[in-house]
Amino acid sequence: MSGIKPHQGAPAGEVEAFLDKVRSMPPAKTKSGSNGRLVLAMDATMSRQHSWDQALAIQGDMFAEAGRIGGLDVQLVYFRGFNECRASKWSSDTQSLARLMSGIRCQGGNTQILRVLKHLRGEAGAGKVNACVYVGDALEENIDQLAHVAGEIGLLGVPVFMFQEGQNANAELGYREIARLTRGAYFRFGRDSAKVLRELLTAVAVYAAGGRQALADHSQRSGGASALLLEQMK
């Protein structure tokens, strides 16, 4: 994983393609008075420290924007080291999530995406999950096994947004398949794409909390990726 060269920037066409994919998704649905629920899953192996720090900064924006329309519950799922894969409690508090994330340091190890997907399947089976975001740069597992569980997640109605840093071809193949089977979306970004990543993750959080109308309101305030998303949805 450490030998992957990061993709230099995110071409405009890739942003448009990502937003076009999200365009066709049905609105997220939450029970009246309840928060949207978003699983934030991350590869926390050694090569991921830079993106982990980015996500720590971005998650505050995700909570803030979702909070404008009723709130967001986030569960952090991460793996690192030798066979370590953990999930936090659901939280609607950006400060508590920030404290948790700031106390975790990335460690060397192989990917454990299958465990993440199985956990997501269990959470979705126990209660509504509106969306999942996964951020990573590699895939060192059997894609057919991942696809099987991803298909089950798709049947449960949970879109998975797969964000890839770098240009690992095998990771791209698997990430795209997971996104396809769950009716989510795939996007590749570079180390210099923090602004784009922030806009897209925030847009997904807003979608999880309130669906397309919430995105429309968010777009009026922030423009950027949300505005592009709404253009694709017309």
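Each remark here, short or long, concerns the structure printed above.
Residues numbered from 1 in each chain as written. Predicted model: local features only at pLDDT ≥ 70, side-chain atom pairs only at ≥ 80, totals over all residues. Heavy atoms only, no water.

So, the overall build of the protein chain
Tallying secondary structure elements over the protein chain gives eight helices and six strands in all. Looking at the protein chain as a whole, 51% of its 234 residues qualify as buried. A sequence separation of at least 24 residues applies to 81% of the contacts in the protein chain between residues at least 6 apart. Taken as a whole, the protein chain presents about 10200 Å² of accessible surface, with 50% of it coming from carbon and sulfur. (Helix = DSSP H or I, 4+ residues; strand = E, 2+ residues; numbered from the N terminus. Buried < 20%, exposed > 50% of the residue type's maximum accessible area, 1.4 Å probe, protein only. Contact = heavy atoms within 4.5 Å. Areas by Shrake-Rupley, 256 points an atom, 1.4 Å probe, with all protein chains shown as cover.)

Considerations on the pairing of strand β1 (residues 36-43)
Taken across its eight residues, β1 has seven buried, putting it largely inside the fold. Summarising the sheet, β1 and strand β2 (residues 72-80) pair through eight bridges and their orientation is parallel. The residue bridging Arg37 from the neighbouring strand is Asp73, located in β2. Two elements, β1 and strand β4 (residues 131-136), share five bridges in a ladder whose sense is parallel. Each residue of the ladder has a partner; that of Leu38, found in β4, is Ala131. (Pairing = 2+ DSSP bridges.)

Let's talk about the side chain of Asn130
As for its position among the elements, Asn130 is in the loop between α4 (113-126) and β4. Residue class for Asn130 comes out buried when judged on its relative accessible area of 3%.

With respect to the sheet that holds strand β5 (residues 160-165)
As summarised here, the arrangement of the six strands in space is β3-β2-β1-β4-β5-β6, forming an open sheet in which the pairing is mixed. At either margin of the open sheet sits one strand with a lone partner, and together these are β3 (84-87) and β6 (185-189). Each neighbouring strand pair of the sheet contributes to a mean axis angle of 15°, computed without reference to strand direction. Inspection of the sheet shows β5 paired to β6 by five bridges, in the parallel sense. Within β6, the residue paired with Glu165 across the bridge is Phe189. (Axes fitted to C-alpha atoms, helices over the stretch in contact; angles between N-to-C directions.)

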